[in-house]
Structure formats: C-alpha cells, structure tokens
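# Geometric and topological summary
Residues per chain, in single letters:
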Amino acid sequence: MIRFLIRRVVFGVFVLWLVSLGTFLLFFVVPGDPARSIAGRQATPETIALIRERLGLDEPLAVQYWTFLKNLFRGDLGYSYYNNQPVTALIAERIGPTASLVIGGALLWLVIGVGVGILSATHARSLLDRVTAGFVVAGISMPTFVVGLMLLFVFNYLLSTVLGITFFPGGQYTPLEEDPADWLRHMILPWITLCTVQAAIYTRLTRGSLLEVLGEDYIRTARAKGDGNRRVVVVHGLRAALTPVVTQLGVDVGYMLGGVVVTESVFGLGGVGQAALQAIVNLDRPVVMGVVLLAAFFVVLASIVVDIAYSFLDPRVRLS
Amino acid sequence: MSLLEVTGLRVSFPTSDGIVQAVRGVSFTVDRGRTLGIVGESGSGKSVSTQTLMGLTAGADISGRALFDGADLLAMDDERLRRLRGAEISMIFQDPLSSLHPLYRVGWQIGELIRVHEPEVSKAAARKRSIELLGLVGIPQPDRRVDDYPHQFSGGMRQRVMIAMGVALRPRLIIADEPTTALDATVSAQILDLLVRLQREFETALIVITHDLGVIADVADDVFVMYAGRQVERAALRSTYYRSHHPYTVGLLGSVPNAAVPGRLRQIPGAPPSLIHPPPACPFHPRCRFVMPRCTTDEPPLDPVRDDADPEHRSACWLPGGLLGVGPEVDEARTRAAQESRE
C-alpha cells in the first residue's frame, strides 16, 4: 500500500511536470505576443520592449521555464499579466465557486442517476424503463449551455423579469461561508444544469452495470438463500454494480474541479473554468499555467483516490 | 406421502425467437432420506425443472403441481416460497466461484442465510455457526477461513462452502445442480462423499442433477433421464444401468468411458433438438437407431416396461417392453423389432 502510494505520487509529479512543460511550450507556438496585448494597439516598440523585459520574455526559453519551475517549488505561480494579481490568490478565490458547483452537482447527479438507474434496471423493458431511456438520450444530447440558458430564460426572464417572482437568481456567486441560504439559492440552477447531462450518464451506467450483475450466478444464489427481492437488489446487486460508478465519479469530479467552463460562464459564477477562459483570451500565461496545473493536479489526485477506493470496494484487487 | 410430489410440470419461456418449451410434462417424487438423480444433456430441461420449483425462473409460464410436504410450490405466494428457499429447500449450484458473491466474506454469506431466516440470531452467533458449518464440511482452520473471500479458496473448498450453506438450516430437501461439474475428478469424489454423508446424517431428501452418469451411480437411489424437456426413462438406479430400455439411455451409457470395456466410445449421432420446435411424437426419433414408423406420429407414454425386478421401471418408447439392457444381443433384438414394425 505504502509502496503503491509512493510510486503513484512520483508518477503523478512526473505527469504534472510534463503538463507544465507542454503548456509552457504551447505558448510560444500560438500566435500573439502577451507584451503587445498588454501594451495596447498604439504602444511604441520601446514600450513593448520594456514590458517584455519586465516580464522576462526577452530571456531564452529554457531560462524562462527554469525560473517558472523554481518559483513553482516555492509555491509561487507568478502574477497575472493582466491585473498583476498573484496567481495563487486568484486560484484560491476562484476554487470556491467551482468546488461548490462540482461537489453539490455530483451529489445531485449521483442520487438521481443511481436512483433512476436502479429503478430502470429492476424494471427493465417496462414502460418506466422506456420513458427513462428517452430522458437519458435527451439529457445526454442536450448541450450544457442550452440547458443553462433555458433555465435562465424560465427563472430569470419569465418568472423574475416578467412576473416579478425570483426563486433562484441567475448569475453571481455568494460564498458559502458568507450566507449559506443565498449560496444555495445561487447554486440551484447551475447544479441542475451540470446535472442534466451527468445524471443521464450515471443513469445509463448504473442501469447497465446493475442489469449485468443481476444476471450473475451469485444473484441466483442469493434468491435461492431466501433473500427478499429488495435485499437481493441492494445488498447483493448494487454492492457489485457500484464499482464502475464510483470509478466514473472519481474521474468526473477530478476532471471538473479543474474548471467547468460552460456552466460557470452561463451563470457567471467566476470559477476556475471562467478564469481559464479569460486567461487564454488574454494570453495571460501565468494564470493559464496555474489553472492547467491545478486541473492536472486534480485529475492525478482523483486517479490515485479511485485506485485506492477500488481496492476497498473489491477484495480481489490488490494494490501493487 | 412423499416429501416432494411433482406432477405434470411444464415450463416455457416466451422469447423473441418463439416459445421455448423447456420442460414438457415431468412427474416425479422424492422421499425423505432418498436421492433422486436427474440425467440429461445440457438443454434437456433438468435445471429448469428444479429451479422452477424454487421460484427462480422469472418470466416463465408454468403449469403442473409440485406438492412439498402437501403444499403446492407452484401455487404458493412469493413470501411463503421465499421462506422455504434456503431453509426447507436449499440449492447447490454448478460453479462455486461464480455462485458465491465475490465481494463478501464466506462467513458473512453463510451468516446472511441464517439471519435472513432467523432474524433473532445475533451477528456473533451467526458467525459462530458459520465456523461450525465450515468445520462440518471439512474446511481446515474454519475459525480463520471464515473471514476469507471466495477467491481465496480452491474450487473444491468453495463447493464445500456452498454445501455448508446448503445444509446450514437443516433443509428437508437439497437440490444439487451439477455439483461436481466444475471440479477435478478427485475433488469431485470428495464432494459427492460429503454430500451423501451429510444427507444420511440429516436424513435429507436429495436431488442431484447431472449429465455425468458416473456421479449418478455414486449417489442416486432412483434416476430419471430427460430428453428435450421430457422424461424418457425412470427407474431405480440399478435398473437404469443394467436393464435400460430407452435407446437414449442406452446411448448415454454407451458414451461413458469405461476402463473395463475397451474399444471406442459409441456416440449418439446428431444434436439435441430445438426446444422452440421440438420434433413431433417421440422427440428422440431423429437420432434413434431403432426408429419405427409409429415413433414419428405418436407420442410414446411413460409406461412400465415389464421389468420383473423393478415394476416401477418406466420408459417412453414404442419398442416392446422386456427388451432391457445394454449389449449387442439386445441391440439386435431391438433392430429386429424395429424392422418388423416397418414391414
């Protein structure tokens, strides 16, 4: 277990290093000069040269990267080219909305997806199953921004602007620690938006996995033992069927903590994904590097957590 | 009254290809302390028959009667049948690796069976009984193995765990469905010994389902042979082996390897028939060496075969009664009889 952890952490650090190198190099391939975009259209060549020097852009590539790595190990990700804010502070500020969105959303889609998936699997080929399958296809094929905009149209335009009733304000983010009730009110619509696609995917995943398990010999054994139907499905079936669901959940949450661009942008939550989008448009290299590394870190962490969780879920799996 | 009395059992499954007639009229009885062997190829309906009795064939159309201690299993409500399952009638399946839950400790799995039927038993008490049961079925160091998972056991030991579950609540009937098929020959013999020993100890009725006539010879008192969802021959063990009447039984016995009889094995030509469109009249006639005109038009009833040593010996075949046994002479007599009927 300890050796497994050490190996995975070393490998994870290696992956992060590769990601940092790749992102760094990418910046010199894409067209555009950060100095020029900071200076503005009318800047003289001297001004631009001055900016380049101040940002260290005139140094050789290898030196620039080395400086970046050195600072990274001190926990310093540099300053935004755009507004001089420290990147670490920016991330700290933006992670709240993203984490709220992802963790709350994950709970919601897990409950809905697994719940409906169980019903669907235990009533396979029934009317309920068919109706569910229809919703699943609709949910999966609906682009996230369409769902978000539709919700905004109903709750913010029709109900709020036209009728003057505001259940859920669209847009903005209130930190949880400031006002939990307001936080909740602001998060409901983003959660539902994020949930639509995810709950559909998890419904299908749970249904498929559980149906497969319910055909196993050990399920027949459980029935032959005299277990009641509910016990057979939950204790014997679901226990085995949830393994792929947990794996998927780990991957999804890890991936999304690195920023949920569309949902954050539609509701103006100001999360990591939105920050990344702005930084890319602004050629704000330190922020992009910081956000990309953060995303990569969560993915690496999630994959380690999933592997450990797997070994607890399935005694046949040994970590080595 | 017999412990289990099955009459006219029919089971069919609607599928997209048509209706699969898995069991087409099966009747038998099992008494306390006795062992019934059910023999047949895969797809002959032997497993479906018994799983139907246990209510394990979901989605099947079932008719007939199965009186267990006087109560009809096929007409019983789900809850009453559930209470019988595992407690009064238990089942042991073919592949113990896939039949045990891979994610739970074996002690938990045995304990669960006990606690489902006797909720007042504490977890600790159930665990203690699990250990005793593991010891009873011959698992060494049961107090340690109780916390192991199925994949940590060998095939034979896993089947012992299944048997421990099978006898845990002292059921009155145990159904062992191909209990040794997935095991090595030597382990297989140990498992059969164990089953028979426990059956004698607890005076349980036992049904052993198998395609292996060697297994039947070791354990059964009575035997019936199934083909295409029908019973083709039913008799006491010795009659089945030494005075068989039905050509299918004769063919089965001829295809068993026997060190005492040198020479090539005789196979039954052809393949088992489709159960969606079973052959009309006698289902075996397309593969039978002694087929007569009547075999293709009339269904032979399961009638006594004039076996003086075993008056209950029955066979569903139009060949004359009294033509019993395996060997060239009897086969010649059968061929003659078939020829005569054609003329």
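Thresholds applied
- Residues numbered from 1 in each chain as written.
- Chains lettered and ligands numbered in written order.
- Predicted model: local features only at pLDDT ≥ 70, side-chain atom pairs only at ≥ 80, totals over all residues.
- Heavy atoms only, no water.
- Pairing = 2+ DSSP bridges.
- Helix = DSSP H or I, 4+ residues; strand = E, 2+ residues; numbered from the N terminus.
- Contact = heavy atoms within 4.5 Å.
- Axes fitted to C-alpha atoms, helices over the stretch in contact; angles between N-to-C directions.
- Buried < 20%, exposed > 50% of the residue type's maximum accessible area, 1.4 Å probe, protein only.
- Core = buried A, V, L, I, M, F, W, Y, C linked by side-chain atoms within 4.5 Å.
- Domains from an automatic or database assignment.
- Salt bridge = Lys/Arg side-chain N within 4 Å of Asp/Glu carboxyl O.
- Buried area = accessible area lost by both parts, 1.4 Å probe.
- Polar contact = N/O pair within 3.5 Å; in protein donor to acceptor, adjacent residues only side chain to side chain.
- Phe/Tyr/Trp six-rings, centres within 6.5 Å; stacked < 30°, edge-to-face > 60°.
- Lys NZ or Arg CZ within 6 Å of the ring centre and 35° of its normal.
- pLDDT = per-residue confidence, 0-100.
- Expected span 1.5 Å × (residues − 1).
- Arc of directions from axis to C-beta.
- Parallel < 35°, antiparallel > 145°, perpendicular 65-115°, else oblique.
- Left-handed = near helix turned anticlockwise from the far one by under 90°.
- Nonpolar A, V, L, I, M, F, W, Y, C, P; charged D, E, K, R; others polar.

## Here's the deal with the sheet that holds strand β8 (residues 205–210) of chain B
Residue and element names in this part refer to chain B. Within the open sheet, the eight strands sit side by side as β6-β7-β8-β3-β9-β10-β12-β11. Their pairing is mixed. Two strands in the sheet have a free side with no partner beyond their single neighbour: β6 (89–92) and β11 (303–304). The sheet strands contacting helix α8 (residues 185–202) are β3 (35–39), β6, β7 (173–177) and β8, and the helix crosses β8 at an angle near 160 degrees. Contacts from helix α11 (residues 247–254) reach β3, β9 (222–227) and β10 (230–236), with the element oriented near 100 degrees to β9.

## Details of the pairing of β10(B)
All names here are of chain B. Judged by how many residues are buried, β10 sits mostly within the fold: five of seven residues are covered. The pairing of β9 with β10 spans six bridges and is classified as antiparallel. Note that in β10 the partner of V225 across the bridge is E233. Linking two consecutive strands that pair antiparallel, namely β9 and β10, is a turn of two residues; a positive phi of about 50 degrees is found at A228 within it. Two elements, β10 and strand β12 (residues 314–315), share two bridges in a ladder whose sense is antiparallel.

## Brief notes about the nonpolar core
Residues and elements named next belong to chain B. One finds L4, F28, L73, I163, L173 and I207 to be the most contacted residues of the largest nonpolar core, which totals 104 residues. Sorting elements by how many residues they give to this core places α8 first, with eight residues. Residue-level mapping places this core at the junction of two domains, with at least three residues from each of domain 1 (4–220) and domain 2 (223–342). The contact partners of I163, leaving out residues within four places of it in the chain, are I92, V137, I191, L194, L195 and L198.

## A look at the pattern of salt bridges
All chains considered together, the criterion is met by 26 salt bridges over all chains. Of the charged contacts, one joins B:D148 and B:R145 as a salt bridge, the two residues approaching to 2.8 Å between their closest N and O atoms. Here B:R289 and B:D331 are joined by a salt bridge, their closest N and O atoms 3.1 Å apart. Residue B:R289 is located in the loop between α11 and β11, and its partner B:D331 is located in helix α12 (residues 328–342); the two are separated by 42 residues in the primary sequence. Look at B:R289 and you get partly exposed, because its relative accessible area is 45%. Taken together, the shared-partner salt bridges in this structure form one network comprising A:K225, A:D227, A:R231 and B:E112.

## Description of the interface of chain B and chain A
Contact with chain B, which involves 25 residues of that partner, is made by 19 residues of chain A. The junction of chain B with chain A conceals about 2000 Å² of combined surface from both sides, 60% of it contributed by carbon and sulfur atoms. Together, B:H101, B:L103 and B:E112 form the three largest contributors to the area buried by chain B at its contact with chain A, with a combined 28%. At the junction of chain B and chain A, the tally comes to two salt bridges. One can count 13 residue pairs in polar contact (both at pLDDT 80 or more) joining chain B with chain A. The set of elements that each furnish at least two residues to the side of chain B that touches chain A consists of α3 (96–99), α4 (106–117) and α7 (155–167) of chain B.

## Section: unusual backbone geometry
Residue and element names in this part refer to chain B. Positive phi, close to 50 degrees, is recorded for E178, a residue that is not glycine. Tracing the sequence through the fold places E178 in the loop between β7 and α8. With a relative accessible area of 7%, E178 lands in the buried category. One non-glycine residue, A228, lies in positive phi territory at about 50 degrees. Residue placement: A228 occurs in the loop between β9 and β10. Given the relative accessible area of 5%, A228 is considered buried.

## Description of the packing of aromatic side chains
In total, this model carries 12 aromatic pairs over all chains according to the counting rule given. With 5.1 Å between their ring centres and 85 degrees between their planes, B:Y227 and B:F284 make a pair best called edge-to-face. Taken as a pair, B:Y227 in strand β9 and B:F284 in the loop between α11 and β11 lie far apart in primary sequence, 57 residues in all. Residue B:Y227 is classed as buried on the basis of its relative accessible area, which comes to 2%. An aromatic cluster is defined as three or more aromatic residues linked by ring pairs; in this entry it consists of A:F24, A:Y65 and A:F68. The lysine or arginine in question, A:R239, covers the ring of B:Y104, its NZ or CZ lying 5.9 Å from the ring centre.

## Some remarks on the domain arrangement of chain B
Residues and elements named next belong to chain B. Assigned domains within chain B: domain 1 (4–220) and domain 2 (223–342). Domain 1 puts 29 residues into the contact, and the matching count from domain 2 is 22 residues. For the pair domain 1 and domain 2, the two sides together bury roughly 2100 Å², of which 57% comes from carbon and sulfur. It is R24, E41 and L213 in domain 1 that bury the most area against domain 2; as a group they hold 34% of the surface buried on that side. Applying the counting rule to domain 1 against domain 2 returns one salt bridge. Residues E41 and R287 are paired through a salt bridge, measuring 3.5 Å at the closest nitrogen-oxygen approach. Counting across the domain 1 and domain 2 interface gives 14 residue pairs in polar contact (both at pLDDT 80 or more). Secondary-structure elements contributing two or more residues to the side of domain 1 that touches domain 2 are β2 (18–30), β3, α1 (46–53) and α9 (213–219). With 11 residues, β2 is the single largest residue contributor to the side of domain 1 that touches domain 2.

## Re the confidence of the model for chain A
Across chain A, the average pLDDT comes to 90, with 100% of residues at or above 70. Element-level pLDDT for chain A is lowest in helix α2 (residues 34–39) of chain A, with a mean of 78, against a maximum mean of 96 in helix α9 (residues 217–224) of chain A.

## Quick notes on helix α5 (residues 123–136) of chain B
All names here are of chain B. With 14 residues, α5 ought to run about 20 Å at 1.5 Å a step, and its terminal C-alpha atoms sit 20 Å apart, in line with that. Restricting attention to buried positions, one finds in α5 the residues A126, S130, I131, L133 and L134. For α5, the buried positions fall inside an angular range of 165 degrees around the axis, keeping them on one side. Away from its buried face, by an angle of more than 90 degrees, α5 presents the exposed residues A124 and K128. On its buried face, α5 is in contact with α4, α6 (142–145) and α7. Where α5 terminates, the next one or two residues include G138, which has phi positive at roughly 85 degrees.

## Brief notes about the packing of α7(B) against α8(B)
All names here are of chain B. Taken N-terminus to C-terminus, the directions of α7 and α8 make an angle of 15 degrees; their axes are 10 Å apart at the nearest point. In this view, α7 runs roughly parallel relative to α8, as classed from their interaxial angle. Judged by the twist between their axes, the crossing of α7 over α8 is right-handed. The residues of α8 that touch α7, namely those facing G156, Q159, R160, I163 and V167, are V187, Q190, I191, L194, L195, L198 and F202. Here the residues of the contact of α7 with α8 sort into eight nonpolar, three polar and one charged.

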